[in-house]
Each structure stands twice: as structure tokens, then as C-alpha cells.
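Coordinate inspection notes
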Amino acid sequence: MKDLSEKTSYFFRVRAENENGVGDPCDTPDPVKATETPGPKPIVECAHKVLHLTEDMEYEFRVMAVNDAGVGTPSNISLPIKAAEPKDIPCAPSVVCVSDSSNSSISLEWSRPAEDGGMEILGYIIEMVTGDETEWKRVNPELVPVTNYTVMGLQTGVQYRFRIAAVNHVGRGEEKETLEPAQAVDRLVAPQVDIDANFKQTHIVKAGGSVCLGIHFRGKPIPTATWVKEEGELSTFSEVTTTDGYTSLSLDSCSRNDTGKYTVNVQNSSGTKTITFTVKVMDTPGPPQNRLDVLDTTDNSVLLGWVKPEHDGGSRIQGYIIEAKPKGTDKWVVVGTTQNLFYLVQRLNKGDEYDFSVKAKNESGLSKPKETLASVVVKEPHIEPAADLSEIPNQLITSSSGKTFTIDVPISGRPAPKVTWKLEEMRLKNTDRVTIKVTKDRTSDGIHFGNAGSWSSGMEEVSREDLTCCRARGDWTFCWKEIQFQSGCC
């Protein structure tokens, strides 16, 4: 409202009116202070860009002049104008190239124009010319809506030039020509594998699950694809699928036996390409290999040994569970755990018979058991004593005066044999010059010859002549279950 006193507050009332009369008034609840409202700033130039319009909306415009006396009469209203980008023909594609060829065709690819002229691209026109000709001929009767096209029916070995033009509702745009002429000849391309961001060569799957290994490939001629598994055959649950540009190997109901490396070989007359995949099946381990061996027994213990499983189930073997059951019963009892490949089961009853088993363990669980082939009797074995003299050639030892020699003899027998060394009927003992050592599986006798040509056994002295006689008569006697051997001296 105009002509109000500035800074004066007013109440306002509004009534609606129609052909039947005037309605009840509606008053403002509070007084409103009259203030000066500034209008739009006049434009000095005779041109102006109107911003923030709604796209594709039609607008009408008029202009009024302003001076100190006020605003003049508006101009005539303009014709309706739609707020839209100006329309033009599209520009040329930025790149046109030959992607493939055969004896009778050439395949083209190109990029979309950087500017579409403000309107949708309807399609593309492809034209070609042969040799040194100048007259371009259109190839496609209908517009090509995509950015690739294969020109068919060409002559083998003939050179062709091509150009592409985009078309919108305004019309045909500028052309883009191939950089060099192209021949209609077969291309030989070695196999290539296309790898994207989702490609991975290591696959981990739980037992019973499925996994699919696949690659996209290309080449000229079209390559063939074959799948192999290192150190084994493909599973009966595997399926190979191959098309012109893709091959896959599917493994269903995976088990620990499917763990391993799988190689796909893509080959044509121009070369080969191989890709190797690794599959890890998270399963329980296989049982220990071969058999569960009884390494030793005593009157109250059994020593067991085994070989680690062929398959670890895709994770590290954490240890082994050893179980036992008395012969004639069905109840297995855990008697121990170990991370070694052997275990001593103790506190067994002498003379009783037991069956034993061992299971491997990983993070997925326990393997099937590996059992002893027959029941094991808990008792000390009786093995006759024996001495291995094969390490002493001809059972002859020669030593110089003043030197020390050692007779080292491997022994065996259960229970552990009692070892006695004798010179003829004289039993040897540990002295300053004689040292006798006995271990579980060896015995040795070290003897020192003095410079005077005699040695002491702790019992008596023997002269050089006696030693010579001993060698001649072969009377060095290692007495153990009447087993004798000869040795020389001097």
C-alpha cells in the first residue's frame, strides 16, 4: 500500500466480494508499522541477462525507463521465450580408430562428440572411400545409435578410409576421419586376459561351499581355453564353461581335496597366456599318513609315532589328539595331546592290550582317526643282545706306543644288556689308562699305551710282548653273551 505515513502503525482489514455481496472482514491481529520498501535497482545499460530461470519454462519480458520523476510506461511485451540452451549441430567425434579387421570387414570405434549442440545425439553416419578416390560413400543406411560399427563386404587387401559424423535434431554435425587408411586383412593377436578391479587369484571357501574361477580373454584367432590342476585331476564336481571371450571353472561341494592351484591356459596360433588361481578350502585336516607305528613299549608305556597329514585342511595343524581303548571295549579315551609326531602313552597296565588312535587338529576341527593295525601288548620286549662289529675292519685295531685308541661298538638288546670288557680272562675296569663307557646303544673302551711299552688295566701290567701275542692269538676279548672280536695293538 502506498502513501502511508512512515513509522506509523496501522491495522488492516480485508473483505472478499462477489456478485452476491461483501463477506465478513478479516483483520490483522497486530498493528503493522509502515516502512519504505526499496525497489529493484535500475539497469544503466541497454542489455541485461536474466538469471535463475526454470529450464524449458517460457517467459515474456517488458522494459520500463526510470528517472527522478518516476517510472515510465512499460514497453510492449516480448514474444514468449523458452529458457533453454541454444541449439546447434553437434561437433565431430574426438577419436575414430580401427579396432579390428578381417579379410572382408573392418571394425570401427569412436568417442562421443564433446558438444552435442544442446540436443540429444540421434545416431552416427559412417562414410568410406577407397584408395585415392575423393567421393565419400555412406556405409550405414540407418543411423548407428552406438559408438562402434563393423563395415562388411569389403575387398581383401584394399585400403579404406572412414569418417564419422554425429546427428541431432538440428542436423548432421562435423566429420572425423581415421588417421590412416586401413586394410581388410585378418589380424593375428596373441591371447590377452582382461583383468578388472573385481579380479582375484586367491579364493578361500568353506568345506561344502562353491567357488567359481573365471577370466575374460581375447585374441585373433579366437583362443581356446583349458583348465588343469597342479598335482591332481579336476574334481568330478567341477564344471568348465567356455564361450568366445570367457572361460570359467566351477567347483561345487568343495572338500580339502579341492585345495590347490588351478591354471587356465589360453592359446591360439599367435601365442599363449596362463593365469594361475589358488583355492583354499577351510576343512578339517586329513588323517596322519601311512600307519600309526608302535616305536617302543615298556611294562607301563607305549611310544607311538606317525607322519603328518597330506592335507592340512587349509589352515595350520595345531596339534594331535591321542586316544586309547582296552582291547575288547568300544570306549575311546583321550590319553594325551602333542604338537610332535610322536607321543609316549604312560601309566598303562602291564600285560594289558590296547588299541591306539591319533587325530590331527586345525581351526576347523579334528581329522578322521588313524589307528594301530593291531592291539599292542604293554610289556618290556625281550631282544637278545647283539653287537655290531662292522665298523671295525677285520676286527683289527693298530695303535702306536704312547697313543690312545678307542674301541666303539654299537649294541642292542632288551632289556638293556650288561656290558663287560675283558682281556683274555682279565676283566677290564675304569682306570687312569682304561675308560669304559656304556650308553643305551653303544659301548666304548679307551686304552692308553705308555712310552715304556706297557699299559695298566688297574689289575696288572701287560708287556709289549704280551700285547703282540694277544694280537697274534686274537685274545682281545669283548665278552658279552660269548660274542668275541679280535683287535690288534702296538
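Conventions used here
Residues numbered from 1 in each chain as written. Predicted model: local features only at pLDDT ≥ 70, side-chain atom pairs only at ≥ 80, totals over all residues. Heavy atoms only, no water. Helix = DSSP H or I, 4+ residues; strand = E, 2+ residues; numbered from the N terminus. Buried < 20%, exposed > 50% of the residue type's maximum accessible area, 1.4 Å probe, protein only. Contact = heavy atoms within 4.5 Å. Polar contact = N/O pair within 3.5 Å; in protein donor to acceptor, adjacent residues only side chain to side chain. Core = buried A, V, L, I, M, F, W, Y, C linked by side-chain atoms within 4.5 Å. Phe/Tyr/Trp six-rings, centres within 6.5 Å; stacked < 30°, edge-to-face > 60°. Lys NZ or Arg CZ within 6 Å of the ring centre and 35° of its normal. Pairing = 2+ DSSP bridges. Axes fitted to C-alpha atoms, helices over the stretch in contact; angles between N-to-C directions.

By the naming in an unreviewed UniProt entry, the protein chain goes by Titin and is assigned to Cynoglossus semilaevis.

**Considering the environment of Glu175**
Summarising the element assignment, Glu175 is placed in strand S17 (residues 172–177). With relative accessibility at 36%, the residue Glu175 sits in the partly exposed group. Each C-alpha atom, one on Glu175 and one on Phe162, is 9.8 Å from the other, the two residues being 13 residues apart in sequence. What Glu175 contacts, discounting residues up to four positions off in sequence, is Ala92, Arg163, Ile164 and Ala165. Here Arg172 takes part through its side chain, which lies 3.0 Å from a polar atom of the side chain of Glu175.

**Things to note about the nonpolar core**
Core analysis: the largest hydrophobic core is formed by 18 residues, its most contacted members being Leu213, Val264 and Phe277. Of all the elements in the fold, those that place two or more residues in this core are strand S21 (211–220), strand S22 (224–229), strand S24 (246–251), strand S25 (260–268) and strand S26 (271–282). If sequence neighbours within four positions are ignored, Leu213 has contacts with His203, Trp227, Thr247, Ser248, Leu249, Tyr262, Phe277 and Val279. Counting 17 residues, the second-largest nonpolar core is a separate cluster that includes Leu108, Met128, Leu154 and Tyr160.

**Regarding the packing of aromatic side chains**
Using the criterion set out here, one finds eight aromatic pairs in the structure. Ring geometry for Trp110 against Tyr124: centres 5.5 Å apart, planes inclined by 65°, an arrangement best described as edge-to-face. Of this pair, Trp110 sits in strand S12 (residues 106–110) while Tyr124 sits in strand S13 (residues 123–130), and the two are 14 residues apart along the sequence. A relative accessible area of 1% places Tyr124 in the buried class. These aromatic residues form a ring-pair network of at least three members: Phe199, Trp227 and Phe277. The side chain of Lys325 reaches across the aromatic face of Trp332, ending 5.3 Å from its centre.

**A short note on the sheet that holds S24**
Spatially, four strands are ordered S19-S21-S24-S23 in an open sheet, and the strand pairing comes out antiparallel. Looking at the sheet topology across the chains shown, the edges are occupied by strand S19 (189–194) and strand S23 (238–242). Ignoring strand direction, the axes of neighbouring strands in this sheet form an average angle of 20°. Note that S19 and S21 share four bridges and pair antiparallel. Its bridge partner lying in S21, Asp194 is registered against His216.

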